[in-house]
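Chain and residue survey
Residue-level listing of the chains:
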Amino acid sequence: MSTRHLHLTRRGAVYYFRARLPRTLAHVLGQPMLAVSLRTKEAAPARRMTRRCSAALDRLEAQLLNAPSKFPLSKLQLRLVLETIFNRIIGEGEARRDADPTGYARYAEGDRDYDEPDLPGDRNSWTSEHWNAWMEWCAREDERPDAMAARWEGLAHGNITSDVRPMLDNALTAHGLNLTPADPQYEVLARDATRVAAQAYRIEAERWNGSYGVRQELPSFVAQKYPLDSALLRTWTTRLNQDEAVFLSRTIDEVARDFARFRQEHGISPKTKADDDLARRYFVDLVGNRQIQELTPEDGQKFASQLLRVPRDYGKGLYRRMTPRQAIALADRLEQEIAAADSDQQLIAVESHRLTAAEARRKVERMRKKTANKHLTFFTSLWRSPLVPRSLRVMNPFEGTLYKKRLIDTETARRGTRVPFTQDELKTLFASTIWNSCRRPFHEESAHQKRLTPWKYWCPLIALFSGLRREEVARLRKDDFDISNGVWLLRIQATYDRRLKSGLLPVSWTSS
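Residues numbered from 1 in each chain as written. Predicted model: local features only at pLDDT ≥ 70, side-chain atom pairs only at ≥ 80, totals over all residues. Heavy atoms only, no water.

**A closer look at helix H14 (residues 324–340)**
An α-helical turn contains 3.6 residues, so any two residues separated by three or four positions project in the same direction. Threshold: Put simply, DSSP marks the helices as runs of H or I at least four residues long and the strands as runs of E at least two long, and each gets a number from the N terminus on. Every helix has an expected span of 1.5 Å times one less than the residues it contains. Working definition: with a 1.4 Å probe on protein chains only, accessible area under 20% of the residue-type maximum means buried, over 50% means exposed, and in between means partly exposed. Regarding the arc, it is the one traced by the directions from the helix axis to the C-beta atoms.
If you check H14, its first and last C-alpha atoms are 25 Å apart, about what 17 residues at 1.5 Å a residue would give, namely 24 Å. Along H14, the residues classified as buried are Pro-324, Ala-327, Ile-328, Leu-330, Ala-331, Leu-334 and Ile-338. All buried residues of H14 project into a common sector of 165° when viewed along the axis, lining one side. Along H14, the residues that are exposed and aim more than 90 degrees away from the buried face are Arg-325, Gln-336, Ala-339 and Ala-340.

See the structure below:
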């Protein structure tokens, strides 16, 4: 039966789903292609999974195309618009008083008509200059602080928004926000802006009378309707500029994705890239995809504590294709089954697996503090990066979440360090038929059926005599092996996907 499919490819023996993403998805994901291992060597399951992947991409594209073109403005953004209107009115009043200190002093003393023009008593004798002066004075009378306060108080009581709309449009433009009068949210904001303007002009009237009180601030309804409860903003409510407001209105998932791309542009290894993505997914699942303005130090502490509940084998075996919370729930259930088991050899049925109690005990081991620090460091580094406005870096919700070294050392001492193989264990390993069968020459057809490959023969030997880690052994290339003065050497070289951890290592064995 044919195994060909439009998006089905094979690398070695493993099948992959590979497809060019539609423009909409490519823009969202930041990549033109999607290549995912199907983790199978069988053709029939690979074709079924490929069809499901193709259908899932089509559904996702349709959801994006049908998504709203814009989203409601956040409460933080709306509050900043109202504060801009309020501060503008107060600022203009202060500028007028500074520009006319004499008039301000006379007005404060009760001389409301200090700037009235000197006109003849008989209006029939007025010239055009007299009438122009009188009309200018009447216009100034309408703009007197007490008259403006009374006028805007009436507009607020009548919910009349026509006068405030020019100020509202200017404030929206200043913050780079797109809200049209056709949007229902605009009318609600305009009514609130009228009430804010009425309060500002009332304060202006008091200040022109020489009264500067402590209660001259935004109306109380603003804090109730547009709350800023986050600890990040309690001292920043009136000090945010446009960049800070935009940053605080974004979600942690968006910012974490941008930071991961920023680190990739500055050269990180593929493993670090995978760790960054895993840290982001851990936070979104364990804490939630919060807006930055909603993050608190309690969220950072919750993330640190929840990480220690994630199974060490997350993403593998029992926990494959699970979310972190699902993996935690399964591990908790396994612990209950283990506690109820009569012996280490009692079988425990979980999902589609059957394990002994001893095997299950190893599966429920949780993430260690040292590993948790790796994921926490991603977010503490994010807050120190250029992506975060400098003025907001002091409000790091992940500050102090890293586990101290003494706690890590105590945990390591309690759980124990890695124990080396004994001589008997090594003899058993290197005497096994499976290991010896991987050495060439061997019967190709028989080797393919038993999945025997030469690297399975050489990797244990290299690890035994060199002391390299598994990942370092698996990444070795032909040009990493060299000979000098008759001695075989293993040269570990830094590449784009491998960091340099050691230089020239002598190897005390030959390939004979």
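**Thoughts on the pairing of strand S1 (residues 8–11)**
Applied cut-off: Note: two strands are recorded as paired if DSSP finds a minimum of 2 bridges between them.
Two elements, S1 and strand S2 (residues 14–20), share 4 bridges in a ladder whose sense is antiparallel. The residue of S2 that forms the bridge with Leu-8 is Phe-17. Connecting S1 to the next strand, S2, in antiparallel fashion are 2 residues, including Gly-12 with a positive phi near 70°.

**Notes on the sheet that holds S2**
Here is the rule: Fitting a line to C-alpha atoms yields each axis, with helices limited to the stretch in contact; the angle taken between N-to-C directions then spans 0 to 180 degrees.
An order of S1-S2-S3 is seen for the 3 strands of this open sheet, with the pairing classed as antiparallel. Either end of the sheet is taken by a strand with one partner, and the two such strands are S1 and strand S3 (33–37). The mean angle between the axes of side-by-side strands here comes to 30°, regardless of whether they run parallel or antiparallel.

**Comments concerning the packing of aromatic side chains**
We count it as follows: Pairs were defined over the aromatic rings of Phe, Tyr and Trp, the Trp ring being its six-membered one, requiring ring centres within 6.5 Å. Orientation was assigned from the angle between planes: stacked under 30 degrees, edge-to-face over 60, tilted for the rest. Comment: the charge-over-ring label is applied if NZ (Lys) or CZ (Arg) is within 6 Å of the ring centre and within 35 degrees of the ring normal.
Considering all chains together, one arrives at 12 aromatic pairs under this definition. Centroid distance Phe-283 to Phe-379: 5.2 Å. Interplanar angle 45°. Geometry classified as tilted. Of this pair, Phe-283 sits in helix H12 (residues 270–286) while Phe-379 is found in helix H16 (residues 369–383), placing the two residues 96 residues apart along the sequence. With a relative accessible area of 1%, Phe-283 lands in the buried category. With a centroid separation of 5.1 Å and an interplanar angle of 85°, the aromatic rings of Phe-378 and Phe-379 are classed as edge-to-face. The structure contains a cluster of three or more aromatic residues connected by ring pairs, namely Phe-247, Phe-259, Phe-262, Phe-283, Phe-303, Phe-378, Phe-379, Trp-383 and Phe-398. When the ring centre of Phe-221 is taken as origin, the NZ or CZ atom of Arg-195, which lies over that ring, is 3.8 Å away.

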